[in-house]
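What the coordinates show
One-letter residues, chain by chain:
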Amino acid sequence: MISKITSYALLGLEGIPVEVEADISRGMPKFDIVGLPDTAVKESKERVRTAIKNSGKNFPVAQITVNLAPADIKKEGSKLDLAIAVAIVRVGEEGLTRDVTDTVFLGELALDGEIRSVTGILPIALSAKQNGYKRMIIPYANKTEAAHVHGIEIIAVKTLSQVINYLKGEEINAAIPIEFTPAREADFKNDLKYVKGQYIARRALEIAVSGNHNILLVGAPGAGKTMLAKCIPSIMPDMTFKEALETTAVHSVTGTLSSADGIIKVRPFMTPHHTATRIALVGGGPNVTPGLISMANNGVLFLDEMPEYMRTVLECLRQPLEDGVITVSRAKGSVTYPAKFMLCASMNPCPCGNYGSETLECKCSDTQIRKYKAKISGPLLDRIDLQIQVDSVKYDDLVSTELEESSQVVRARVNKARQIQLERFKEDGITTNAEMGERELNKYCKLSLENEKLFKRSFEALHLSARGRSRILKVARTIADLDYSETIEKKHLLEAIGYRSFDMNQ
Amino acid sequence: MTTYTKDERALLALCSIDGLEYRHESRLCELVSKPAMLFEHDSVVKEYLVNAMGEAKAKTVLMSLTDDYADYCVNQLDKRGVKAVTIFSADYPESLKHIQTPPLVLYCKGNIGLLKSPKTLGIVGSRKTLSYAESFAKDISKTMSGLGVTIVTGSATGADKAAILGAVCNKQIISVIAGGFEHVYPDCNKAIIEDVAKNGLIISEYPPQTPPAFWMFPVRNRIIAGLSQSVLICSGDRKSGARHTAEFALDYGRDLYAFPYSIGIKSGELCNELIKNGAYLCDAIEDLLSAYGIDESQKTENEIIELEDDERVLYQAIKEGADDMTVYCAKNNLKFFEIAPILSELEIKGLIVKTAGNKFKPTK
């Protein structure tokens, strides 16, 4: 006798339906799982056997064969446990007659028959809905996450016996679909209102977020670079449902989703340590798992002390910064993960951090300083539109109890500026100023004759590099958007010149 | 092949011998009536060399003191486009001849005529010069060179670079390199030094292939001081190499100028110390103009810069010490984006510079 149950496997963020077939025949008792299972799936034998026994059912003493189809895709992890157990119980027991052809079973079994949470529920639910499945039986702990997917019935269960009773005909209430609501103020851990002073940096952050420009903060140790960077998610535009799903899908696969919310509403802020490897950052490894840049999708990737990172690691960021996706190719196949993030990096002016200071002595040699700066290559620097200095805060500012402008107020302005950009780029296939190429620059960043002259003059006076030209124009466009101005005016251009890159060539 | 006199050829050969120190070179020249005699390997010469460095080394030195080796040296220089100006040459600068240890040969690339400039000003300082001081130094270099004063400096980053950038457009610049021309130090200034060789002059007392050694830098500084009528020290901490230049300048009886610095600024300690000990304080270009006998009215007229009202207000505030814009904004109840364009405008006009940590300093 054979029974068939549907479950799901994941290849990257793509769900693949897996048919779990169980057959029981007479002969020497044994239990085989075939169909390219990985170690975690092979081990599920023991969990399934014990869980069935501890749920008050008899584990058949016979020759059991479980096949996972399609047989040519490697199945990973423990999420197939429940489906295997159900398939076996259904062959051996009478009366489990409920039709489950359009139901997906997912869950890891504990030895006592409880069902534990699994990773990747959200992308699987989205894929299952697309493939026409009507129902999903999932671990209770994954309930809120799955409930964000509308149009598929989510049945959250706690134990294996509950599932068996369900198959006998007992009803379990489906989870109520959750409507997506944007993040509330309390969801943000950091707020700009607690950042004292730093008016230049605050303004630069607002511009960077408005135009989705990457930003580099240069400043002495203790100047407050990290604190400023941490506030970026709180001033970024509200997440749309689509963005939230995209980001949650990645975190669901990596298992970094908190079960309380079930969905990510606050834009992620990822801070890889500077010893991070290429694979940790872009993704890969034996199971082709997403890297930190994909976990930062629709959010911020913060590289603290950027020159301390390995150069090869930094160079890996160039392509995703351009394309917004990363394709990881391994022997098992190629997987494409989203990687649309805003890069925020920080660095000291020199290895000891005191270069240029009037009061503190810089102990670095010329060569050291040059080497330090050269760690960040020109092409990578070209993708960072705003490069600003951060000053240390005066003591008087620190002790004042007056709060500064809050993130909420800034975010309102950012939202408006983004709206303007969406309108403008409707037909260009891009959404923000940072993505503008030469074509869009010519179309939307025209300067008046007078401003063109000023721009030329500033290049000579301030020794700007030709590479910096388009960066300054893009930033000027964003400043104009924040000012609701149709054209780039003199003051916008001048302000943008003020945020130009500092001399990195020396 | 460029023709040199026999004496000059002897000096070229002498100065190209590996490991022969300056004191030996100059002593050898004193032993013979004229350098050409060195090729004759007199017993006096032999004796001196054996006493000074032993039999074996003396032999190698004598082997190099030949007409053939001189030919080889001249060839090497011609191949690299380097002209040698020896102490016997008419091009050799008079001011350098009278110092205690004049270089026997100056290897030159560029406009040799600059060696005979009637007016010269040395501008030196530390590699870690604050950006507003750099900007001021550049300004001085530009104006002075525009008025016909040749600027003499080194090849390092910081103050040297500022001096070069200011004067190179006026083609009145001599950069003194510590090692040979093929090893410009630091590497990152190679392009700038090449520019100087094209528009001004670079000189060194060592053949082009000599790699630099740490002791060559203070030794080089005597040439900067020797070539200059006055020396301006832009910056330096207590241990800075600019101290050597200042000391040489005083030994040679040159006028010494220094920028003043506020208390506690490390890179200004040397300057303040020099001023304390009697160097002239230089905080405006007029200080130098009068010393060079240049009429102030000769100063180029585009110096008058027109300012809008709001620009004048901010410039005045920065001049009065409001360098932190966060504080300025808070005091005057302004948003930063309101003053950001004005700051850029002032920067483009060259009136202020941005220094580390977003501080703004006036340059004039």
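Residues numbered from 1 in each chain as written. Chains lettered and ligands numbered in written order. Predicted model: local features only at pLDDT ≥ 70, side-chain atom pairs only at ≥ 80, totals over all residues. Heavy atoms only, no water.

Each helix and strand counted, chain B has 16 helices and 11 strands in total. Counting only C-alpha atoms and orienting by the principal axes, one finds that chain B spans roughly 85 × 35 × 35 Å. Within chain B, buried positions represent 54% of all 364 residues. Once local pairs closer than 6 in sequence are excluded, the contacts in chain B between residues at least 24 apart make up 70%. Entry remark: accessible area of chain B is about 16,100 Å², with carbon and sulfur atoms responsible for 50%. In chain B, which carries 41 positive and 48 negative side-chain charges, the distance between the mean positions of the two groups comes to 4 Å. (Helix = DSSP H or I, 4+ residues; strand = E, 2+ residues; numbered from the N terminus. Buried < 20%, exposed > 50% of the residue type's maximum accessible area, 1.4 Å probe, protein only. Contact = heavy atoms within 4.5 Å. Areas by Shrake-Rupley, 256 points an atom, 1.4 Å probe, with all protein chains shown as cover. Lys, Arg positive; Asp, Glu negative; His and termini not counted. Charge placed at Lys NZ, Arg CZ, Asp CG, Glu CD.)

Below, the discussion takes up the domain arrangement of chain A. Residues and elements named next belong to chain A. Annotation of chain A at the domain level lists domain 1 (2-168) and domain 2 (185-424). For domain 1 and domain 2, the distance between their C-alpha centroids amounts to 40 Å. Between domain 1 and domain 2, the contact holds 15 residues from the first and 19 residues from the second. Summing the contributions of domain 1 and of domain 2, the shared interface buries around 1,300 Å²; its carbon and sulfur component is 69%. Its largest share of buried area at the contact with domain 2, domain 1 owes to Leu13, Leu122 and His148, together 38% of the area lost on that side. In this assembly, domain 1 and domain 2 are joined by zero salt bridges. (Domains from an automatic or database assignment. Buried area = accessible area lost by both parts, 1.4 Å probe. Salt bridge = Lys/Arg side-chain N within 4 Å of Asp/Glu carboxyl O.)

So, on to the interface of chain B and chain A. Residue-level contacts link 35 residues of chain B with 38 residues of chain A. Summing both sides of the interface, chain B and chain A together bury roughly 3,200 Å²; the carbon and sulfur share of this comes to 53%. The largest per-residue losses of area from chain B upon contact with chain A belong to B:Lys128, B:Thr326 and B:Ile348, which jointly make up 20% of the total buried on that side. Our count for the contact surface shared by chain B and chain A stands at two salt bridges. As a salt-bridge pair, A:Arg457 and B:Glu345 come within 3.9 Å of each other at their nearest N and O atoms. Our count for the chain B to chain A interface comes out at seven residue pairs in polar contact (both at pLDDT 80 or more). When contributions to the side of chain B that touches chain A are tallied by element, the ones reaching two or more residues are α7 (131-146), α15 (325-332), α16 (336-348) and β10 (352-355) of chain B. Residue contributions to the side of chain B that touches chain A peak at eight residues, all from α16(B). Of the residues contributing to the side of chain B that touches chain A, the split by class is 16 nonpolar, seven polar and 12 charged. (Polar contact = N/O pair within 3.5 Å; in protein donor to acceptor, adjacent residues only side chain to side chain. Nonpolar A, V, L, I, M, F, W, Y, C, P; charged D, E, K, R; others polar.)

Residues and elements named next belong to chain B. Taken together, the nine strands give an open sheet; going across it, the order is β1-β2-β6-β5-β4-β3-β7-β8-β9, and neighbouring strands pair in mixed fashion. For this open sheet the edge positions go to β1 (83-86) and β9 (280-281), each flanked by a neighbour on one side alone. Helix α9 (residues 190-199) rests against β2 (105-110), β5 (173-176) and β6 (201-204) of the sheet, and its axis sits at about 110 degrees to β6. (Pairing = 2+ DSSP bridges. Axes fitted to C-alpha atoms, helices over the stretch in contact; angles between N-to-C directions.)

What follows concerns the domain arrangement of chain B. Domain annotation for chain B reports domain 1 (1-79), domain 2 (112-300) and domain 3 (305-362). Once you take the C-alpha centre of each, domain 1 of chain B and domain 2 of chain B turn out to be 33 Å apart.

Before going further, it helps to spend a moment on the pairing of strand β14 (residues 300-303) of chain A. Residues and elements named next belong to chain A. Covered by surrounding structure in β14 are Val300 and Phe302 together with Leu301 and Leu303, the residues of both alternating faces. Here strand β11 (residues 269-270) runs beside β14; their pairing, made up of two bridges, is parallel. Considered in β14, the bridge of Phe269 is made with Val300. Taken together, the four bridges between β14 and strand β17 (residues 342-347) define a ladder with parallel strand orientation. Bridge pairing in β17 links Leu301 to Leu343.

Right, let's get into the packing of aromatic side chains. When we look at a pair of aromatic rings, we describe it by the centre distance and by the angle of the planes. Under the definition given, this model contains 13 aromatic pairs over all chains. The interplanar angle of 50 degrees and the centroid separation of 5.6 Å between the aromatic rings of A:Phe31 and A:Phe59 together place this pair among those described as tilted. Of the two residues, A:Phe31 sits in strand β3 (residues 30-34) while A:Phe59 sits in the loop between α1 (39-54) and β4 (63-69), which places them 28 residues apart along the sequence. Its relative accessible area of 15% is what places A:Phe59 among the buried residues. On the numbers, 6.5 Å between centres and 55 degrees between planes, the contact of A:Tyr499 with B:Phe336 is tilted. (Phe/Tyr/Trp six-rings, centres within 6.5 Å; stacked < 30°, edge-to-face > 60°.)

A word on empty space enclosed by the protein. All told, the structure shown has three cavities of 30 Å³ or more when counted by the stated rule. Its volume calculated, the largest cavity comes out at about 120 Å³. Listed by contribution, the elements that provide at least two residues to the lining of the largest cavity are β18 (386-390) and α21 (490-498) of chain A together with α16 of chain B. Element by element, the count of residues in the lining of the largest cavity is highest for α16(B), at five residues. One number sums up the size of the second largest cavity: a volume of about 60 Å³. Lining the second largest cavity, in full, are A:Pro182, A:Ala183, A:Phe188, A:Pro233, A:Met236, A:Pro237, A:Asp238, A:Met239, A:Lys265, A:Arg267 and A:Arg411. (1 Å grid on protein atoms, 1.4 Å probe; cavity = no way out; pocket = protein on both sides within 12 Å on 5 of 7 lines; lining within 4 Å. Points joined across faces, edges and corners; volume = space filled by probe spheres on them.)

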